[in-house]
2 protein chains.
Amino acid sequence: MKTLAGLGEFPFIEAIARSARGKGSRRGVVLGIGDDAARLRLRRDAIVTVDSLVEGVHFRRTWLEPAELGRRAFRVAVSDVAACGADARFVLLALAAPSSYPARNALALVRGLIDDAARAGAHLVGGNVCRSPVLSLAVTVVGEAGPRVLTRDSARIGDTVYVTGRLGGAAAAVRHLRRPPRTAASSEGRRRAPPLAPYTKPPVRLDVGRSLARLRAIGALIDVSDGLVQDLGHICERSGVSAEIDPRAVPVARGASLEDALFGGDDYELLFTARPGAASERGVDEALVAGKCRAIPIGRIVEPRDAKVVSSTDGRALVGGYAHFSKGRRP
Amino acid sequence: MKTLAGLGEFPFIEAIARSARGKGSRRGVVLGIGDDAARLRLRRDAIVTVDSLVEGVHFRRTWLEPAELGRRAFRVAVSDVAACGADARFVLLALAAPSSYPARNALALVRGLIDDAARAGAHLVGGNVCRSPVLSLAVTVVGEAGPRVLTRDSARIGDTVYVTGRLGGAAAAVRHLRRPPRTAASSEGRRRAPPLAPYTKPPVRLDVGRSLARLRAIGALIDVSDGLVQDLGHICERSGVSAEIDPRAVPVARGASLEDALFGGDDYELLFTARPGAASERGVDEALVAGKCRAIPIGRIVEPRDAKVVSSTDGRALVGGYAHFSKGRRP
């Protein structure tokens, strides 16, 4: 099997450029892959974010097909653009891979990213490839702001807290994938296996983000990447408020536990607050029809307290979530 | 010594945000570190590029102080913006580091990048931090196009080929750094040690790029990252021409060989072509005064031949340069 070393850097880049050329809209791409830098035309403010996936930390090669890995890398990164209510327009990929990595896999990975980005309206315009002892992808997404950019700091006391889908599925999938093979292969292991899609194919909530950004009733918005409680905590901290959530109202993904849903992370659903009232509720429901998901109310924003996020059933402080540099903490 | 695991992800990000806030111009930063994505305002086209440094491939921890590593990561990435003749405006850093990496070093690294970026007119507006078995930095630079963006495809037959400084110094420095400690410590090793600055502190040629972009006489431009011959080959390929260079005219850095200068890479000087003639020469010389460097003519653009780059002394084809996924090839 031909490796990246066998294929060589420049033929690899040329193959990437060929794949990118045919895909998605080239609107705004004045200069794409092939020069020193991409030249991009935007009519509104640029929304820029970068996110990384590192082998052995965020994934193992056995967990995802190469194309799924490329897709996941794009979706994890573009989620931050969705959380601003912006359009995704351009993508850059910094790919680091061992010389022994199969060329076919590297191309499938990049094409998985290109195809998924194209479906989301974004075009691969540049990047970097280099050698590395571990496979890693750093994806930069350049978006374009809409008339309003949603932020974390705009929650108000009295707001209802919503989430756009079931949570904890990715955490449950990763726990299953991490099991020793023997356990996974046992009949009990198979019977209880959660769906892997929440991990292999996280949702793209760009449509939802854009629709919500048009509603005056929307307060703060964030994507659930570190876990519901931790990300709601980010909203509270930036907005100077606290939040009460009803754990019984939190939508739990199939095969996941309530703990996975509260603290698991990697869900990439949107978490947002909206002014209370029937008109706001109707607006939120209508805004989400386009995104084919539902807004599930799970709590409300309250006056600032010692704890940022508390349970409305027993007043218990909720603390925990994914933290880099340590193993995922759970309370 | 406190590690990144001991410090924790969010206090680390908060410390980065504090360091970034005080440095450089915040012009155009509508939303910086602390939300889902940065929101940036540009008046002209965006120039976007990403570049990575990976431990064990591009550096070893013993080769550079953490602040030097941050500076080098910025300079390697911003060089592509200089090669477009654009301004550097915003930076994003995707930093991957082992949990055991000292927090003090991680902060020094990021501050080295922030400070150097600020001197170049660019502001750290976002990024990502995560755990990784090896230290790596992927730096995204967002620049702003000037009235003209310089590209690789605009060399014309008859153009003079120039380079902005001495070449091969980084290759010589890396060869020295790679030596086994015993050799390096011997008196002969010390006596023959080349300066390390070309590697630890590559030049920033933003001023030069901008000045050259104003000159109508300039043809194609690229930065020397893969080696003079290989990068000139990129210009030739994109412009549909060949180039003749006089190896005796190529400026060789102190401690480096002619082979280092021709094929070494990592120099980050600018390599460009300009229409021939006295007016053009004068313009080039004046344009480079601001950048405190000299334009050294090393050859000329000729009709396309079998070989992209040939020696003007003996007509020999010159081939070679840095290639990722293999060890640096030298002819």
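Residues numbered from 1 in each chain as written. Chains lettered and ligands numbered in written order. Predicted model: local features only at pLDDT ≥ 70, side-chain atom pairs only at ≥ 80, totals over all residues.

A word on the overall build of chain A
- Helices and strands together make up the secondary structure of chain A, namely twelve helices and twelve strands.
- For 331 residues, the compact-globule estimate of 2.2 N^0.38 gives 20 Å, and the C-alpha radius of gyration of chain A, at 20 Å, lies within 12% of that figure.
- Projected onto its principal axes, the C-alpha coordinates of chain A cover approximately 60 × 55 × 30 Å.
- Counting across all 331 residues of chain A, residues that qualify as buried make up 57%.
- Put simply, 86% of the contacts in chain A that link residues at least 6 apart link residues at least 24 apart. (Helix = DSSP H or I, 4+ residues; strand = E, 2+ residues; numbered from the N terminus. Rg over C-alpha atoms; globule rule 2.2 N^0.38 Å. Buried ≥ 20, exposed ≤ 12 C-beta atoms within 10 Å, placed from the backbone. Contact = placed C-beta atoms within 7 Å.)

Here we look at the pairing of strand S10 (residues 270–274) of chain B
All names here are of chain B.
- Within S10, five of the five residues are buried, which leaves it mostly tucked inside the rest of the structure.
- Of the two faces of S10, both are covered, the one formed by Leu-270, Phe-272 and Ala-274 as well as the one formed by Leu-271 and Thr-273.
- In terms of strand pairing, strand S7 (residues 160–163) meets S10 through four bridges, oriented antiparallel. Across the sheet, residue Val-163 finds its bridge partner in S10, namely Leu-271.
- The sheet contact formed by strand S8 (residues 218–223) and S10 spans four bridges and is antiparallel. The residue of S10 that forms the bridge with Ile-218 is Ala-274. (Pairing = 2+ DSSP bridges.)

What to know about the pairing of strand S3 (residues 46–54) of chain A
- Within S3 of chain A, nine of the nine residues are buried, which leaves it mostly tucked inside the rest of the structure.
- The two faces of S3 of chain A match: Ala-46, Val-48, Val-50, Ser-52 and Val-54 of chain A on one face and Ile-47, Thr-49, Asp-51 and Leu-53 of chain A on the other face are all buried.
- Bridge count for S3 of chain A against strand S6 (residues 136–144) of chain A is nine bridges, and the pairing is antiparallel. For Thr-49 of chain A, the partnering residue across the bridge sits in S6 of chain A and is Val-141 of chain A.
- Strand direction decides the pairing type here: S3 of chain A and strand S2 (residues 38–40) of chain B, joined by three bridges, are antiparallel. Its bridge partner being in S2 of chain B, Ile-47 of chain A is matched across the sheet by Arg-39 of chain B.

As for the sheet that holds S10 of chain B
Residues and elements named next belong to chain B.
- Strand order in the open sheet formed by six strands is S8-S10-S7-S11-S9-S12, with mixed pairing between adjacent strands. Both outer strands of the open sheet, S8 and strand S12 (309–311), are each paired with one neighbouring strand and no more. The sheet shows a mean angle of 25° between the axes of neighbouring strands, direction not considered.
- Packing against the sheet, helix H10 (residues 228–239) makes contact with S7, S8, strand S9 (242–245), S10 and S12, and its axis sits at approximately 135° to S8. (Axes fitted to C-alpha atoms, helices over the stretch in contact; angles between N-to-C directions.)

Quick look at the interface of chain A and chain B
- Between chain A and chain B, the contact holds 57 residues from the first and 57 residues from the second.
- Broken down by element, the residue count for the side of chain A that touches chain B peaks at eight residues, all from S3 of chain A.
- Looking at the side of chain A that touches chain B residue by residue, the classes come out as 31 nonpolar, 15 polar and eleven charged. (Nonpolar A, V, L, I, M, F, W, Y, C, P; charged D, E, K, R; others polar.)

Topic: the nonpolar core
- In this structure, Val-78 and Val-91 of chain A together with Val-78 and Val-91 of chain B are the most contacted members of the largest nonpolar core, which totals 223 residues.
- Apart from the residues within four sequence positions on either side, Val-78 of chain B is in contact with Ala-88, Ala-120, Ala-122, Val-141, Val-204 and Leu-206 of chain B. (Core = buried A, V, L, I, M, F, W, Y, C linked by C-beta atoms within 7 Å.)

A closer look at the domain arrangement of chain A
All names here are of chain A.
- On domain assignment, one finds that chain A holds domain 1 (4–144) and domain 2 (160–311).
- Taking only C-alpha atoms into account, the centre of domain 1 sits 26 Å from that of domain 2.
- Each partner contributes residues to the interface: domain 1 has 18 residues there, and domain 2 has 17 residues.
- Of all the secondary-structure elements, those providing two or more residues to the side of domain 1 that touches domain 2 are helix H3 (66–82) and strand S4 (87–97).
- Of all the elements, H3 adds the most residues to the side of domain 1 that touches domain 2, at ten residues.
- Residues of the side of domain 1 that touches domain 2, tallied by class, amount to ten nonpolar, two polar and six charged. (Domains from an automatic or database assignment.)

Examining unusual backbone geometry
- Of note, the phi angle at Tyr-268 of chain A is positive, near 60°, even though the residue is not glycine.
- Within the secondary structure, Tyr-268 of chain A is located in the loop between helix H11 (258–263) and strand S10 (270–274).

Section: the environment of Arg-305 of chain A
- Inspection of the secondary structure assignment puts Arg-305 of chain A in the loop between strand S11 (296–302) and strand S12 (309–311).
- Sequence separation of Arg-305 of chain A and Leu-232 of chain A is 73 residues, and the distance between their C-alpha atoms is 14 Å.

A few points about the relation of the copies chain A and chain B
- The two copies are related by a screw motion: chain A maps onto chain B through a turn of 180° and a shift of 0.0 Å along the axis, at an RMSD of 0.0 Å. Such a combination of turn and shift is consistent with a two-fold rotation axis.
- Counting the interface residues of chain A, we find that 100% of their copies in chain B are interface residues as well, pointing to one common contact surface. (Least-squares fit on C-alpha atoms with pLDDT ≥ 70 in both.)

So, the environment of Val-204 of chain A
- With respect to the secondary-structure elements, Val-204 of chain A resides in the loop between helix H8 (197–200) and helix H9 (206–213).
- Excluding residues within four positions of it along the chain, Val-204 of chain A makes contact with Arg-75, Val-78, Ala-82 and Ala-120 of chain A.

A short note on helix H5 (residues 169–178) of chain B
- Listing the buried residues of H5 of chain B in full gives Gly-169, Ala-170, Ala-171, Ala-172, Ala-173 and Val-174 of chain B.
- Looking at the buried residues of H5 of chain B, the elements they touch are helix H8 (197–200) and helix H11 (258–263) of chain B.

What about the sheet that holds strand S8 (residues 218–223) of chain A?
Residue and element names in this part refer to chain A.
- Reading across from one edge, S8-S10-S7-S11-S9-S12 is the order of the six strands in this open sheet, with mixed pairing throughout. Strands at the two margins of the open sheet, each flanked by one partner only, are S8 and S12. For this sheet the average axis-to-axis angle between neighbouring strands, irrespective of direction, equals 25°.
- Of the strand pairs in this sheet, strand S9 (residues 242–245) and S11 are connected by four bridges, and their pairing is antiparallel. Pairing of Ile-245 across the sheet is with Gly-299, part of S11.

Brief notes about the packing of helix H3 (residues 66–82) of chain B against helix H4 (residues 103–119) of chain B
All names here are of chain B.
- Where H3 meets H4, the closest approach of the two axes is 7 Å, and the angle between their N-to-C directions is 40°. Here H3 is positioned oblique relative to H4, judged by the angle of their axes. As for the relative orientation of H3 and H4, their crossing is right-handed in sense. Of H4, the residues touching H3 (which contributes Pro-66, Ala-67, Glu-68, Leu-69, Gly-70, Arg-71, Ala-73, Phe-74 and Arg-75) are Asn-105, Ala-108, Leu-109, Val-110, Arg-111, Gly-112, Leu-113, Asp-116 and Ala-117. (Parallel < 35°, antiparallel > 145°, perpendicular 65-115°, else oblique. Left-handed = near helix turned anticlockwise from the far one by under 90°.)

Side note on the packing of helix H2 (residues 9–21) of chain A against helix H4 (residues 103–119) of chain A
Residue and element names in this part refer to chain A.
- Running from N to C, H2 and H4 point in directions that differ by 30°, and their axes come no closer than 10 Å. It follows that H2 is roughly parallel to H4 by the angle criterion. H4 is crossed by H2, and the crossing has right-handed handedness. Contacts between H2 and H4 involve Phe-12, Ala-15, Ile-16, Ser-19 and Ala-20 from the first element and Ala-103, Ala-106, Leu-107, Val-110, Arg-111 and Ile-114 from the second.
- Looking at the contact of H2 with H4 residue by residue, the class counts come to nine nonpolar, one polar and one charged.

Some remarks on helix H12 (residues 278–289) of chain B
- Compared with an ideal rise of 1.5 Å per residue, which puts twelve residues at 16 Å, H12 of chain B spans 17 Å between its outermost C-alpha atoms and is within 8% of the ideal.
- Where H12 of chain B is buried, its residues touch S7, helix H9 (206–213) and S10 of chain B. (Expected span 1.5 Å × (residues − 1).)

Quick notes on the environment of Thr-313 of chain B
All names here are of chain B.
- In this structure, Thr-313 sits in the segment after S12.
- Judged by the 12 C-beta atoms lying within 10 Å of it, Thr-313 falls in the exposed class.
- In this structure the C-alpha to C-alpha distance between Thr-313 and Glu-65, which are 248 residues apart in sequence, comes to 42 Å.

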